[in-house]
Amino acid sequence: MLQAQVELWVLEAQAGDKHAFSALCQHFYPSALGFAAKIAGDSTLAQDAVQDALIKLSKTIYKLEDPATINAWVFRLVRWQVLDYLKVNNRYKSLSDIEISECEAVKAEPEEVMEGVKLGLSKLPPLEGQAIYLFYLEELSIAEISKILEIPEGTVKSRLFRARKLFKQVLEQEN
(Lines give C-alpha, C1' and ligand atoms only; values in the text may rest on other atoms or scores of the structure.)
Protein backbone atom coordinates (compact mmCIF):
# COMPACT_ATOMS: atom_id res chain seq x y z
CA MET A 1 0.00 0.00 0.00
CA LEU A 2 2.77 2.44 0.90
CA GLN A 3 4.63 1.82 -2.37
CA ALA A 4 1.46 2.56 -4.33
CA GLN A 5 1.07 5.84 -2.42
CA VAL A 6 4.70 6.77 -3.13
CA GLU A 7 4.22 6.06 -6.83
CA LEU A 8 1.08 8.21 -6.83
CA TRP A 9 3.04 11.05 -5.22
CA VAL A 10 5.66 10.68 -7.96
CA LEU A 11 3.06 10.98 -10.69
CA GLU A 12 1.46 13.98 -8.98
CA ALA A 13 4.85 15.63 -8.42
CA GLN A 14 5.69 15.11 -12.10
CA ALA A 15 2.45 16.93 -12.90
CA GLY A 16 3.58 19.86 -10.74
CA ASP A 17 1.84 19.14 -7.42
CA LYS A 18 4.03 20.71 -4.74
CA HIS A 19 2.18 18.96 -1.90
CA ALA A 20 2.92 15.57 -3.46
CA PHE A 21 6.60 16.46 -3.79
CA SER A 22 6.65 17.59 -0.18
CA ALA A 23 5.14 14.25 0.86
CA LEU A 24 7.86 12.43 -1.12
CA CYS A 25 10.56 14.45 0.62
CA GLN A 26 9.09 13.73 4.04
CA HIS A 27 8.84 10.04 3.19
CA PHE A 28 12.44 9.68 1.98
CA TYR A 29 14.28 12.12 4.26
CA PRO A 30 14.87 9.84 7.30
CA SER A 31 16.12 6.84 5.33
CA ALA A 32 18.14 8.99 2.92
CA LEU A 33 19.75 10.73 5.88
CA GLY A 34 20.71 7.41 7.45
CA PHE A 35 22.19 6.20 4.18
CA ALA A 36 24.10 9.44 3.64
CA ALA A 37 25.51 9.26 7.16
CA LYS A 38 26.73 5.72 6.50
CA ILE A 39 28.65 6.89 3.45
CA ALA A 40 29.89 10.24 4.75
CA GLY A 41 30.57 9.47 8.37
CA ASP A 42 29.49 12.99 9.22
CA SER A 43 25.91 13.84 10.15
CA THR A 44 26.23 17.49 9.12
CA LEU A 45 27.62 16.60 5.71
CA ALA A 46 24.89 13.95 5.38
CA GLN A 47 22.15 16.51 6.10
CA ASP A 48 23.57 18.90 3.52
CA ALA A 49 23.90 16.15 0.94
CA VAL A 50 20.34 14.93 1.46
CA GLN A 51 18.98 18.46 1.17
CA ASP A 52 20.88 19.02 -2.08
CA ALA A 53 19.83 15.59 -3.39
CA LEU A 54 16.18 16.46 -2.75
CA ILE A 55 16.65 19.75 -4.57
CA LYS A 56 18.11 17.82 -7.51
CA LEU A 57 15.15 15.45 -7.29
CA SER A 58 12.79 18.41 -7.65
CA LYS A 59 14.57 19.40 -10.86
CA THR A 60 14.83 15.91 -12.34
CA ILE A 61 11.73 14.04 -11.19
CA TYR A 62 10.07 14.65 -14.55
CA LYS A 63 12.78 12.45 -16.15
CA LEU A 64 11.74 9.43 -14.08
CA GLU A 65 9.91 7.14 -16.49
CA ASP A 66 8.82 4.44 -14.03
CA PRO A 67 7.49 5.68 -10.68
CA ALA A 68 8.22 2.25 -9.19
CA THR A 69 11.95 3.01 -9.40
CA ILE A 70 11.76 6.12 -7.20
CA ASN A 71 13.59 4.38 -4.31
CA ALA A 72 16.63 3.66 -6.44
CA TRP A 73 16.45 7.13 -7.99
CA VAL A 74 16.47 8.89 -4.61
CA PHE A 75 19.20 6.77 -3.04
CA ARG A 76 21.37 7.17 -6.14
CA LEU A 77 20.97 10.96 -6.00
CA VAL A 78 21.90 10.90 -2.32
CA ARG A 79 24.93 8.70 -2.97
CA TRP A 80 26.17 10.93 -5.80
CA GLN A 81 25.70 14.04 -3.70
CA VAL A 82 27.59 12.60 -0.73
CA LEU A 83 30.43 11.43 -2.97
CA ASP A 84 30.61 14.89 -4.57
CA TYR A 85 30.80 16.50 -1.13
CA LEU A 86 33.49 14.07 -0.06
CA LYS A 87 35.55 14.84 -3.15
CA VAL A 88 35.27 18.55 -2.48
CA ASN A 89 35.99 18.25 1.22
CA ASN A 90 38.47 15.40 0.76
CA ARG A 91 37.42 13.94 4.07
CA TYR A 92 36.26 10.40 3.48
CA LYS A 93 35.73 8.35 6.64
CA SER A 94 35.25 4.62 6.82
CA LEU A 95 32.22 3.15 8.54
CA SER A 96 34.39 2.44 11.58
CA ASP A 97 34.61 6.20 12.20
CA ILE A 98 30.85 6.71 12.28
CA GLU A 99 29.07 7.19 15.56
CA ILE A 100 25.79 5.58 14.60
CA SER A 101 23.97 7.07 17.57
CA GLU A 102 24.39 10.49 15.92
CA CYS A 103 22.15 9.44 13.04
CA GLU A 104 18.59 10.63 13.54
CA ALA A 105 17.17 7.96 11.23
CA VAL A 106 18.24 4.99 13.33
CA LYS A 107 15.14 3.39 14.79
CA ALA A 108 15.17 2.54 18.48
CA GLU A 109 15.17 -1.19 19.22
CA PRO A 110 16.12 -3.09 22.35
CA GLU A 111 19.37 -1.58 23.53
CA GLU A 112 21.42 -4.76 23.66
CA VAL A 113 20.55 -5.74 20.10
CA MET A 114 21.28 -2.28 18.75
CA GLU A 115 24.66 -2.13 20.48
CA GLY A 116 25.69 -5.37 18.76
CA VAL A 117 24.42 -4.16 15.41
CA LYS A 118 26.16 -0.79 15.79
CA LEU A 119 29.42 -2.42 16.68
CA GLY A 120 29.22 -4.91 13.84
CA LEU A 121 28.27 -2.34 11.21
CA SER A 122 30.99 0.04 12.31
CA LYS A 123 33.63 -2.60 11.62
CA LEU A 124 32.53 -3.42 8.08
CA PRO A 125 34.41 -1.98 5.09
CA PRO A 126 32.54 0.94 3.44
CA LEU A 127 31.44 -0.91 0.29
CA GLU A 128 30.03 -3.88 2.17
CA GLY A 129 28.52 -1.55 4.76
CA GLN A 130 26.59 0.37 2.09
CA ALA A 131 25.21 -2.82 0.57
CA ILE A 132 24.15 -4.33 3.88
CA TYR A 133 22.60 -1.05 5.04
CA LEU A 134 20.48 -0.76 1.90
CA PHE A 135 19.50 -4.44 1.91
CA TYR A 136 18.62 -4.99 5.55
CA LEU A 137 17.83 -1.58 6.99
CA GLU A 138 16.17 -0.02 3.95
CA GLU A 139 14.84 -3.37 2.68
CA LEU A 140 15.74 -2.65 -0.94
CA SER A 141 16.02 -5.40 -3.53
CA ILE A 142 19.27 -6.57 -5.12
CA ALA A 143 18.21 -4.87 -8.37
CA GLU A 144 17.55 -1.55 -6.61
CA ILE A 145 20.88 -1.69 -4.77
CA SER A 146 22.57 -2.47 -8.07
CA LYS A 147 21.12 0.71 -9.56
CA ILE A 148 21.97 2.82 -6.52
CA LEU A 149 25.59 1.68 -6.24
CA GLU A 150 25.95 1.42 -10.02
CA ILE A 151 27.36 -2.08 -9.92
CA PRO A 152 26.14 -5.39 -11.36
CA GLU A 153 23.65 -7.44 -9.34
CA GLY A 154 26.23 -10.20 -8.95
CA THR A 155 28.59 -7.74 -7.30
CA VAL A 156 25.83 -6.68 -4.88
CA LYS A 157 25.27 -10.32 -3.99
CA SER A 158 28.98 -10.93 -3.41
CA ARG A 159 29.26 -7.78 -1.26
CA LEU A 160 26.28 -8.92 0.80
CA PHE A 161 27.83 -12.36 1.18
CA ARG A 162 31.13 -10.84 2.31
CA ALA A 163 29.36 -8.41 4.63
CA ARG A 164 27.37 -11.20 6.30
CA LYS A 165 30.54 -13.24 6.75
CA LEU A 166 32.45 -10.28 8.19
CA PHE A 167 29.52 -9.31 10.40
CA LYS A 168 29.36 -12.84 11.78
CA GLN A 169 33.10 -12.78 12.50
CA VAL A 170 32.80 -9.46 14.30
CA LEU A 171 29.95 -10.69 16.44
CA GLU A 172 31.79 -13.91 17.28
CA GLN A 173 34.89 -11.96 18.32
CA GLU A 174 32.79 -9.81 20.64
CA ASN A 175 31.28 -12.84 22.42
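Look up: the structure comes first, before these words.
Residues numbered from 1 in each chain as written. Predicted model: local features only at pLDDT ≥ 70, side-chain atom pairs only at ≥ 80, totals over all residues. Heavy atoms only, no water.

Further remarks concern the packing of helix 2 (residues 18-40) against helix 6 (residues 126-137). As a packed pair, helix 2 and helix 6 sit with axes 10 Å apart at the nearest point and diverge in direction by 165°. Between helix 2 and helix 6, the angle falls in the class roughly antiparallel. In this structure, helix 2 crosses over helix 6, and the sense of that crossing is right-handed. Contacts from Ser31, Gly34, Phe35, Lys38 and Ile39 of helix 2 reach helix 6 at Gln130, Tyr133 and Leu134. Here the residues of the contact of helix 2 with helix 6 sort into four nonpolar, three polar and one charged. (Axes fitted to C-alpha atoms, helices over the stretch in contact; angles between N-to-C directions. Helix = DSSP H or I, 4+ residues; strand = E, 2+ residues; numbered from the N terminus. Parallel < 35°, antiparallel > 145°, perpendicular 65-115°, else oblique. Left-handed = near helix turned anticlockwise from the far one by under 90°. Contact = heavy atoms within 4.5 Å. Nonpolar A, V, L, I, M, F, W, Y, C, P; charged D, E, K, R; others polar.)

In a regular helix each residue adds 1.5 Å, so 20 residues correspond to 28 Å; helix 4 (residues 70-89) covers 28 Å between its end C-alpha atoms and thus fits that length. Every buried residue of helix 4 is listed here: Ile70, Asn71, Ala72, Val74, Phe75, Leu77, Val78, Arg79, Gln81, Val82, Tyr85 and Leu86. Looking at the buried side of helix 4, the elements it contacts are helix 1 (2-14), helix 2, helix 3 (43-60), helix 6 and helix 7 (142-149). (Expected span 1.5 Å × (residues − 1). Buried < 20%, exposed > 50% of the residue type's maximum accessible area, 1.4 Å probe, protein only.)

Going through the model one piece at a time under the given rule, you end up with three aromatic pairs. A ring pair is formed by phenylalanine 35 and tyrosine 133, whose centres lie 6.0 Å apart and whose planes are at 25°; its orientation type is stacked. Taken together, the positions of phenylalanine 35 in helix 2 and tyrosine 133 in helix 6 put the pair 98 residues apart, joining distant regions of the chain. For phenylalanine 35, a relative accessible area of 0% translates into the label buried. On the numbers, 4.8 Å between centres and 90° between planes, the contact of phenylalanine 135 with tyrosine 136 is edge-to-face. Looking at phenylalanine 135, the relative accessible area reads 24%, which means it is partly exposed. Here tyrosine 136 falls in the partly exposed class, since its relative accessible area comes to 40%. Aromatic ring contacts, followed pair by pair, group Phe35, Phe75 and Tyr133 into a single cluster. (Phe/Tyr/Trp six-rings, centres within 6.5 Å; stacked < 30°, edge-to-face > 60°.)

A few words now on unusual backbone geometry. Residues other than glycine seldom take positive phi values, yet glutamate 139 does so here, at roughly 55°. You can see glutamate 139 is positioned in the loop between helix 6 and helix 7. Residue glutamate 139 is classed as exposed on the basis of its relative accessible area, which comes to 68%. At glutamate 150, a position not held by glycine, the phi torsion is positive, near 60°. Assignment of secondary structure puts glutamate 150 in the loop between helix 7 and helix 8 (153-174). Glutamate 150 gets classed as partly exposed once you look at its relative accessible area, which sits at 46%.

The next thing to look at is the pattern of salt bridges. A complete count under the given rule lists two salt bridges for this structure. Residue glutamate 150 pairs with arginine 79 through a salt bridge whose shortest N-O separation is 3.4 Å. Highlighted residues: glutamate 150 in the loop between helix 7 and helix 8 and arginine 79 in helix 4, separated in sequence by 71 residues. Overall, the relative accessible area of 14% leaves arginine 79 in the buried class. (Salt bridge = Lys/Arg side-chain N within 4 Å of Asp/Glu carboxyl O.)

What follows deals with the packing of helix 4 against helix 7. Where helix 4 contacts helix 7, the two axes come as close as 8 Å, and the packing angle between them is 30°. The angle between helix 4 and helix 7 places the two elements in the roughly parallel class. Relative to helix 7, the crossing made by helix 4 is right-handed. In contact with Asn71, Ala72, Phe75, Arg76 and Arg79 of helix 4, helix 7 contributes Glu144, Lys147, Ile148 and Leu149. Taken together, the residues of the contact of helix 4 with helix 7 sort by class into four nonpolar, one polar and four charged.

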